[in-house]
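# Commentary on secondary and tertiary structure
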Amino acid sequence: MTRTHEKVTDRPPGKRPDYTAELAARGIENVLQVIGGRWKLVILFQLFGGKTLRFSELERAIPGISQKMLIQQLRQLEKDEVVTRTVHPEVPPRVEYRLTDWGQSLCPALDSLLMWAEAASGEKREALLNLNGADSE
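These numbers come from a predicted model, not from an experiment. (Residues numbered from 1 in each chain as written. Predicted model: local features only at pLDDT ≥ 70, side-chain atom pairs only at ≥ 80, totals over all residues. Heavy atoms only, no water.)

### Regarding the overall build of the protein
On a plain count of helices and strands, the protein comes out with seven helices and three strands. Mapped from its N terminus to its C terminus, the protein presents α and β elements in the order α-α-β-α-α-β-β-α-α-α. Across the 137 residues of the protein, 21% fall into the buried class. Within the structure as shown, the protein displays about 10400 Å² of accessible surface, and the carbon and sulfur contribution to it stands at 53%. (Helix = DSSP H or I, 4+ residues; strand = E, 2+ residues; numbered from the N terminus. Buried < 20%, exposed > 50% of the residue type's maximum accessible area, 1.4 Å probe, protein only. Areas by Shrake-Rupley, 256 points an atom, 1.4 Å probe, with all protein chains shown as cover.)

Here it is as structure tokens:
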């Protein structure tokens, strides 16, 4: 079938693809690239719950992140449609960030990962959850 637009597919809307092990693994790897990196998850957790934060508020809320890195991470999250950026026409311009609905829907998945880690036993649980507070990097 010839497609006239890249969003046109052969499957009905709402039907999940038939995943092979390879396709499922590749899909998860792609998802992890969207949220991977040292700061992206920290940014997401600052914005969960419908919060809208100015750039300076995010910068203060995330100790140790440089302005350059925060800008890069926010731009990547915006490009991936996880975060939305609003520039208010003021002098100086006020820039605010919030999660898109799709970005907000990531919260239960991340919560499930935390519960999965909490189910581990002993040292593995402590290592996964960093319960001793040591920096892993």
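### Observations regarding the packing of aromatic side chains
Following the criterion strictly, the structure yields one aromatic pair and no others. Between F45 and F48, the aromatic rings sit 5.1 Å apart at their centres with planes inclined by 90°, giving edge-to-face as the arrangement. Residue classification places F48 among the buried positions, given a relative accessible area of 8%. (Phe/Tyr/Trp six-rings, centres within 6.5 Å; stacked < 30°, edge-to-face > 60°.)

### Quick word on the sheet that holds strand β1 (residues 52-54)
Strand order in the open sheet formed by three strands is β1-β3-β2, and the pairing between neighbours is antiparallel. Strands with a single pairing partner mark the edges of an open sheet, and in this sheet they are β1 and β2 (83-88). Strand-to-strand twist across the sheet, computed as the mean angle between neighbouring axes with direction ignored, equals 30°. As defined by bridge partners, β2 adjoins strand β3 (residues 94-99) across six bridges and the pair is classed as antiparallel. Residue pairing for β3: T86 is matched across the bridge by E96. Its contacts with the sheet put helix α2 (residues 40-47) on β1, β2 and β3, and the angle it makes with β3 is roughly 90°. (Pairing = 2+ DSSP bridges. Axes fitted to C-alpha atoms, helices over the stretch in contact; angles between N-to-C directions. Contact = heavy atoms within 4.5 Å.)

### Quick word on the nonpolar core
In globular proteins that are soluble, nonpolar side chains generally tend to be buried together. In this structure, I43, L44, L58, L70, L74 and V83 are the most contacted members of the largest nonpolar core, which totals 22 residues. Counting residues per element, the ones that place at least two in this core are α1 (21-35), α2, α3 (55-61), α4 (67-79), β3 and α6 (106-118). Once you skip the residues sitting within four places of it in the chain, L70 turns out to touch I43, F55, L58, E59, I62 and I65. (Core = buried A, V, L, I, M, F, W, Y, C linked by side-chain atoms within 4.5 Å.)

### Brief notes about the environment of L106
Looking at the secondary structure, you find L106 in helix α6. Sequence separation between L106 and V82 is 24 residues, and the spatial gap between their C-alpha atoms is 8.9 Å. Beyond its immediate chain neighbours, meaning those up to four positions away, L106 contacts I35, L44 and F48.

### A short note on α6
For α6, with 13 residues, the first-to-last C-alpha span of 19 Å sits near the 18 Å given by 1.5 Å per residue. Within the sequence span of α6, burial applies to L106, L110 and A117. End-on, the buried residues of α6 take up no more than an arc of 30°, which puts them together on one face. Seen from the buried face of α6, the exposed residues on the opposite side, beyond 90 degrees, are P108 and W116. Looking at the buried positions of α6, the neighbouring elements they touch are α1, α2, α5 (101-104) and α7 (122-129). (Expected span 1.5 Å × (residues − 1). Arc of directions from axis to C-beta.)

### Observations concerning the pattern of salt bridges
As enumerated under the stated definition, the model contains three salt bridges in all. With a shortest N-O distance of 3.0 Å, R94 and E90 are connected by a salt bridge. Among the charged side chains, a salt-bridge network with shared partners connects E90, R94 and E96. (Salt bridge = Lys/Arg side-chain N within 4 Å of Asp/Glu carboxyl O.)

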